[in-house]
Amino acid sequence: MSSCQYSNEKVSIMDEKNIPIRTYQVCNVLEPNQNNWLRTDWIPRSGAQRVYVEVKFTLRDCNSLPGVTGTCKETFNLYYHESNEVRESYIKESSFIKVDTVAADESFTQVDVGDRIMKLNTEVRDVKVTTRKGFYLAFQDVGACIALVSVRVFYKTCPLTIRNLATFPDTVTGADTSSLVEVRGSCVNQSEEREEPKMYCGADGEWLVPIGGCFCSPGYEEKGGACKACSAGFYKAKSSDAGCFKCPPHSHSVRDGATVCDCHSGFFRADSDPPSMACTQPPSAPQQLISVVNETSVVLEWAPPRRLGGRSDTSYNYPRMGSGSISSSQLCLPCGSDVLFSPGQTGLKTTRVVVSELRAHTHYTFIVHARNGVSQASGAGAAQSVSVSVTTNQAVSSILAIDVTRHSLSLSWQQPDRPNGVILEYEVKFYEKDQKERSYRIMRTFSRSVDVTGLNPLTVYVFHVRARTAAGYGEFSAPFEFSTNSDPFPLIGEGVNSAFLLLSVSGVGILLLISAAVFIISRRRSKYSKTKQDSEEEKHLNPGVKIYVDPFTYEDPDQAIHEFAKEIDVSSIHIEKVIGMVGEFGEVCSGRLRVQGKREIYVAIKSLKAGYSDKQRRDFLSEASIMGQFDHPNIIRLEGVVTRCKPLMIITEYMENGSLDAFLRKHDGQFTVIQLVGMLRGIASGMKYLSDMSYVHRDLAARNILVNSNLVCKVSDFGLSRVLEDDPEAAYTTRVRRKIPIRWTAPEAITYRKFTTASDVWSYGIVMWEVVSYGERPYWDMNNQDVIKAIEEGYRLPAPMDCPVVLHQLMLDCWERERAERPTFSQILNMLDKLIRNPGTLRRTGGDRPAGTMLESGMGSEVCVSVLPEVCVPEWSVCEWLQSIGLERYRDTLAAAGYTSLDSLLALTHQ
Ligand code: ACK
């Protein structure tokens, strides 16, 4: 060390609070080749993978040291060395790895030389330490005037937190600046897992992408991130219920943590009643039961109970029904199983029932019982019943005249239904209709027919028949009329009414007419709706705009290729070098193309090497058939194809800066926001053109955008099979059998392959994010399944660093779950144009909000995009705008050319 006027000495330094500190300074600035080292003790790593070193120091400006020549330095070097040894006595210089050269950034010249008072600089560097238990730090002075005041070494953790009722422990961040540590949470007390809780700990110590979570157990509800018992008078039945609910009417809970409320006395709850339902009572008895007997059938009708007990599930049963003959009415037996109840015997919802197939001439008691869901629980019985007693008839139901003469009628009939014993004889009563029952005759017979003679001709007679069993005679049948005439056709009962026939015939005619009309109307209707549908479909097809033709609709793929692409003679292509690979057989080269009569141009040549299958050939050439249909400054231009010799080639314009993702990563942080928005505008413009042509890209991603030397972005990669085969990002999902680039794809396209322009808009939003974050990988190193799950749960990518709020909002709009809610490319283009016109709107960034955005919470939607440019920011002048993008030197040139307003600038074309 030299012993001159600038040597090691005590100095005073002001700390951040302007309090002076006394410290030592090295100042070996007069002699060349200084190499002075200062090493720390061993520092344990304590599980950290990336440590931060904060150094506070002063550094003198060499210019402020009079008489010092070129030997003075204004930096020092920071080194580290990983080691398991707590006390390494000697470490070779070469064992240290350099972290950085550190220079002062402020107070550099604010040195009060007279008083030796200098201000502190603070610099932080980070370094990955993963291989040993600890490390040493070292500082190398190469001849500066420097005082090292403090060195603070720390690492970052994501602090213990509770999210979605799951606890996530204090977690040390990962080793790399972009690494995410996946952490599983555990459900807080009194809660249970809804879906495995997971979060990622980001490198900055921020938690990202919460997935899954827990529910409070039954009887508990969420309060301030914990599960608290429901208080008395409240309950929670299911863990998935939103919270504790007040006990429903006629119930109570006396203790905290109730999962269900108990019914007040006299009130009940059926097994199937949900806990949220009020406690109820059984119904009172049905009212006003009436019966109408028709032969051996009885119609019973009644009114509902006066009290339904607070329920709507009252039903009616006939649990007890007695039967016995009239003559021995004391004997009550349960109803036989052959009795029919319509619509049924139990669980009736209607208040009417027809009981048939009863025994004739028998006494019955019907008990109608009202029940509801709590009848059984309450043990309620007779109070809910009402009864009625009836006696059935025993009569012949129909009589048939089988022979009619002028003076006689031969009649026949069926045995009465369900007689109450063996039929001993039948009694036939008849009289002339005109005479009514004033004078009648009786005939008795053992058989079921009788010949009635001695009748007057052309006279109408009325007949009744009744049967006799041991229990006595039953009721006479209803009257049956027959006329003594020569009508050869027997009449049954009251006969067939000719008017009815007429009606029936005309009815059929009317019916036919109606059916025909309905048929015609419905045909018209369906035509109308089809027309409407057609027109809805057609509305996308702008008249006058060319529509893309799918080359796969051509039977012969070569026909498509020659329709849309020019065949180039291979001798006019000069290949220079390989610039990339596509899939197994594809290669991309750069080269030159000289077509006769035109100047030589740089081109990219994609070739398909020998050994391909027919399908691969077709897929490869399909890209050219598609590209050849497009003509737009933001779509990669097809120059032509080589199909007549091998290898097959697709020749396109050459894009000097290659793929956008790699290009941005290479130039991280080097563009102005306006430049980035300019790139996005170009991509949006290309996509608008494609969507106007009804072409859906399906693999829009920064890797598929090419950039030329003027920073013009062009959409590329149009092969139909490319999404499936060539894109390394394409992955199989569990839901669909085809490969899909998950991180770029809209949920409906992942779930049910609904690829539309709206799903391209979703991908465009991801491209926006890639561009603004300079080629960062969307969703970082999360796996595909977690990405799908997070999106389903409403998570969206957060704004990249320094991203203008309006741009992030536009991304969020592109990522609307409902595809109809997403903007169109035309709207996106308008939006970006407005932003370019009003760059002030791009100044506002989301600040340091690091976490992901949950759509439900409304985060990230502070600004209404569509109104912001006009309302929030006044229009800038050309001068202000040029200043904001660092191009004010062009102000005069533009003004001289007449561009005095931003609107006039917008009219500028490429030419
Ligand atoms: O990022 P890159 O350099 O740009 O690497 C890929 C590679 O080929 C495989 O696709 C490059 N590439 C593709 N088409 C073109 C083109 N028309 N002009 C320049 N480079 C291209 C792409």
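Note that the structure is predicted; figures quoted are calculated from it, not measured.

### So, the state of the cysteines
With the rule as written, the count across this model stands at 8 disulfides. Disulfide pairing is shown between Cys230 and Cys244; the S-S distance is 2.0 Å. One disulfide, between Cys230 and Cys244, carries an S-S torsion of -80 degrees and so falls in the left-handed class. Of the two residues, Cys230 is situated in the loop between β21 (226–229) and β22 (234–235) and Cys244 in the loop between β22 and β23 (245–246); the sequence distance between them amounts to 14 residues. The pair Cys230 / Cys244 is uniform in exposure class, with both members buried. Bridging Cys263 to Cys279, the disulfide has an S-S length of 2.0 Å.

### Some words on the UniProt feature "active site" (unreviewed entry) in the protein
UniProt's entry tags Asp699 with the feature "active site" (unreviewed entry), counted in the numbering of this structure. Checked against the element boundaries, Asp699 lands in the loop between α6 (673–692) and β48 (705–707).

### Considerations on the site of the ligand
Around the ligand, a shell composed of 13 residues is seen, among which Ala604, Thr652, Glu653, Met655 and Ser659 lie nearest. A distance of 2.9 Å is found between a nitrogen atom of the ligand and a backbone nitrogen or oxygen belonging to Met655. Coverage of the ligand by the protein chains reaches 75% of its 450 Å² of free accessible surface. Listing elements by their share of the shell around the ligand, those giving two or more residues are β43 (573–582) and β47 (648–653). For the shell around the ligand, the element with the most residues is β43, which contributes 3 residues. Residue composition of the shell around the ligand, grouped by class: 8 nonpolar, 4 polar and 1 charged.

### Here we look at the confidence of the model for the protein
Of all residues in the protein, 80% have pLDDT values of 70 or greater, and the mean over the chain is 81. When the elements of the protein are averaged for pLDDT, helix α13 (residues 868–871) gives the smallest value, 26, and helix α9 (residues 757–772) the largest, 98. Low pLDDT, under 50, characterises residues 487–543; the stretch is placed with 10 contacts to residues that sit more than four places away or in other chains. Scored below 50 in pLDDT, residues 848–875 shows 61 contacts in the model against residues more than four places distant or in partner chains.

Conventions used here
- Throughout, a residue's number is its position along its own chain's written sequence, starting from 1.
- Local features are withheld for residues below a pLDDT of 70 in this predicted model, meaning they are given only at 70 or higher, and side-chain atom pairs are given and counted only at 80 or more; totals for whole chains, interfaces and linings count all residues.
- Calculation of side-chain values draws on the structure's entire complement of heavy atoms; hydrogens and water are dropped beforehand.
- By convention in this document, the label disulfide applies to cysteine sulfur atom pairs within 2.5 Å.
- The helix and strand labels rest on DSSP assignments: H or I over at least four residues marks a helix, E over at least two residues marks a strand, and numbering proceeds from the N terminus.
- Relative accessibility decides the category of a residue: with a 1.4 Å probe and only protein chains considered, values under 20% of the type maximum give buried, values over 50% give exposed, and everything between is partly exposed.
- UniProt positions are given in the numbering used here, feature names are shortened, and annotations may be inferred rather than shown by experiment.
- The criterion for a residue being near a molecule or strand is simple. One of its heavy atoms has to lie within 4 Å of it.
- Think of a polar contact as two N or O atoms within 3.5 Å of one another; within protein, one of them needs to be a possible hydrogen donor and the other a possible acceptor, and neighboring residues in sequence only count if both atoms come from side chains.
- Note on areas: Shrake-Rupley, 1.4 Å probe, and residue coverage restricted to the protein chains presented here.
- Each residue gets one of three labels, nonpolar for Ala, Val, Leu, Ile, Met, Phe, Trp, Tyr, Cys and Pro, charged for Asp, Glu, Lys and Arg, and polar for the others, Gly among them.
- Per-residue confidence from the prediction method is given by pLDDT, with values spanning 0 to 100.
- The contact criterion used is simple: two residues touch if any of their non-hydrogen atoms lie within 4.5 Å.

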